[in-house]
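Structural overview for review
Chain residues, written in single-letter form:
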Amino acid sequence: MSSIQSNTRTQNRSLQARRLPLADAGEQRLQLGNLALGRDFGAALTSEGLWPLRPTSVEVLQINVGKLCNQSCRHCHVDAGPDRTEVMSRETAMQCVDVLRRYVIPTVDITGGAPELNPEFRWLVEQCSSLGRHVIDRCNLTILESGPHRDLPKFFAEHRVELICSLPHYQSACTDVQRGDGVFEKSIRALRRLNEVGYGAGDSGLRLVLVTNPVGADLPAAQTCLEVEWKRELRRLHGITFDALYTITNMPISRYLEWLLETGNLEGYMRTLVESFNPQAAHGLMCRSTISVGWDGRLYDCDFNQMLDIPVSQNSAGHVRDFDLTALEARTIQTDRHCFGCTAGTGSSCNGNTA
Ligand code: SF4
Ligand code: SF4
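About the thresholds
Residues numbered from 1 in each chain as written. Chains lettered and ligands numbered in written order. Predicted model: local features only at pLDDT ≥ 70, side-chain atom pairs only at ≥ 80, totals over all residues. Heavy atoms only, no water. Near = heavy atom within 4 Å. Nonpolar A, V, L, I, M, F, W, Y, C, P; charged D, E, K, R; others polar. Phe/Tyr/Trp six-rings, centres within 6.5 Å; stacked < 30°, edge-to-face > 60°. Helix = DSSP H or I, 4+ residues; strand = E, 2+ residues; numbered from the N terminus. Buried < 20%, exposed > 50% of the residue type's maximum accessible area, 1.4 Å probe, protein only. Lys NZ or Arg CZ within 6 Å of the ring centre and 35° of its normal. Salt bridge = Lys/Arg side-chain N within 4 Å of Asp/Glu carboxyl O. Contact = heavy atoms within 4.5 Å. Pairing = 2+ DSSP bridges. Axes fitted to C-alpha atoms, helices over the stretch in contact; angles between N-to-C directions.

Looking at the site of ligand 2
In the vicinity of ligand 2, the contacting residues are Leu285, Met286, Cys287, Cys302, Phe304, Asn305, Ile333, Gln334, His338, Cys339 and Cys342. Here the shell around ligand 2 is built from residues that sort into 8 nonpolar, 3 polar and no charged.

Notes on the packing of aromatic side chains
Under the criterion given, the structure shown has 9 aromatic pairs. Taken together, a centroid distance of 5.6 Å and an interplanar angle of 85° make the contact between Tyr170 and Trp230 edge-to-face. Here Trp230 lies in helix α8 (residues 223-238) and Tyr170 lies in the loop between β4 (162-166) and α6 (172-179), a separation of 60 residues in the sequence. Trp230 sits in the buried class, given a relative accessible area of 2%. Pairing Tyr256 with Trp259 gives two aromatic rings, centres 5.7 Å apart and planes at 20°, and the pair type is stacked. Of the two residues, Tyr256 and Trp259 are both situated in helix α9 (residues 254-262); the distance of 3 residues between them amounts to about one turn of the helix. You can call Tyr256 buried: its relative accessible area is 2%. One aromatic cluster in this structure is built from Phe41, Phe277 and Phe340. A cation over an aromatic ring shows up here: Arg39 above the ring of Phe277, its NZ or CZ 5.3 Å from the ring centre. The lysine or arginine in question, Arg122, covers the ring of Phe155, its NZ or CZ lying 5.3 Å from the ring centre.

Let's talk about the pattern of salt bridges
According to the stated counting rule, one finds 25 salt bridges in the structure shown. A salt bridge links Arg337 to Asp40, with the shortest nitrogen-to-oxygen separation between them at 2.7 Å. Here Arg337 is found in the loop between α13 (325-329) and α14 (340-343), whereas its partner Asp40 is found in the loop between α1 (25-33) and α2 (41-46), with 297 residues between them in sequence. In this structure, Glu227 and Lys231 form a salt bridge, with 3.5 Å as the shortest nitrogen-oxygen distance.

Remarks on the side chain of Thr343
Among the secondary structure elements, Thr343 is positioned in helix α14. Ignoring anything within four residues of it in the chain, the contact list for Thr343 reads Phe41, Ser276, Phe277, Asn278, Ala281, Ala282 and Leu285.

Some details on the sheet that holds strand β6 (residues 244-247)
Across the sheet, which stays open at both edges, the 8 strands sit in the order β6-β5-β4-β3-β2-β1-β7-β8 with mixed pairing between neighbours. The open sheet terminates on both sides in strands that have one partner only, identified here as β6 and β8 (299-300). Strand direction decides the pairing type here: strand β1 (residues 60-64) and strand β2 (residues 107-111), joined by 5 bridges, are parallel. Paired with Val60 across the two strands is Thr107, which belongs to β2. Its contacts with the sheet put helix α3 (residues 90-102) on β1, β2 and β7 (290-293), and the angle it makes with β1 is roughly 175°.

So, the site of ligand 1
Taken together, Cys69, Gln71, Ser72, Cys73, Cys76, Ala80, Gly113, Asn140, Arg179 and Arg255 make up the full set of residues near ligand 1. Partitioning the shell around ligand 1 into residue classes produces 4 nonpolar, 4 polar and 2 charged.

Brief notes about unusual backbone geometry
With omega at -5°, the peptide bond leading from Trp51 into Pro52 counts as cis. If you trace the backbone, Pro52 turns up in the loop between α2 and β1. In this model, Gly112 is joined to Gly113 through a cis peptide bond whose omega is 25°. Positive phi values are uncommon outside glycine, yet Arg160 reaches one of about 55°. On the secondary structure map, Arg160 appears in the loop between α5 (152-158) and β4. For Arg160, a relative accessible area of 45% corresponds to the partly exposed category. The residue Ser254 is not glycine, and still its phi comes out positive at about 55°. For Ser254, the position within the fold is in helix α9. Taking the relative accessible area as the measure of exposure, Ser254 reaches 3% and is therefore buried.

In structure tokens, the structure reads:
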């Protein structure tokens, strides 16, 4: 069963707050490990000459500033929500900035939770921007409609922040079923205000990207075709413009894993991911050019490994305060079965397709 109907119950509490076994990363990995899939990720990479998996270079420092969020979406891979309290401190944020002072890492990608809820968010953006880094904020849009954050569009424009914003669909039903009642209307209002300050105009330098991920247990449709459709429909229905659409495959972890289990879709979904393994996508894996920092400063190969509590390999520094680029670029990337989510079909990453 992969219908929208099976997804109509909008969770309003995290796995952690509900004290479910699945809140534990070890339990999530066990659920995936117990499946008879016939192929493991290491074997798939070996057949492509990519095993062990190594970085190319570190182009992106992705900073997850916490699990606190104003939403509690059904598919959330972070298990984020209003009931989460983990947020990055100023001290840890300063250690991230120190890394940027020491190393030429061109892009800083700030994520969460809703990153804007971290009290240090604006300070972090200002610091990264003043160091000349390209700054990305992963924004859920609705946060821009809440009182103290309503001036963020202007702040983003001043600092030339690229915005990568979640919007599952250009129609309200598909969006609200995944992200909560009323999310679509708020998102549309926020997008209009971003357009008003110059975002999404194509040549303004204020890049506005939308991100969509499937509502059910399917792979996303082709990104290039969807982008044409979305640009046409959002302009026609709502007068909104944007620069690009990324399609992202749902990762079989956290609350999406809970949904897969509840609806009996887990084994079928994992088989789809395994059978859709695309060698070209494997070569473009985002973990080969990214280091992910957790809210407490610990280092990971990507945001997904962070949520599964799989740290960077032991021969490299495990905390941002000890960041050593040479050691990190020589590390072996840690993989497991969830990684098939990055190599299925046209590939998936925080920046959309990889193949
Ligand atoms: S998917 Fe994004 S907006 Fe939704 S709960 Fe998770 S972090 Fe928040
Ligand atoms: S889940 Fe992370 S480590 Fe695994 S392939 Fe994807 S980006 Fe790489």
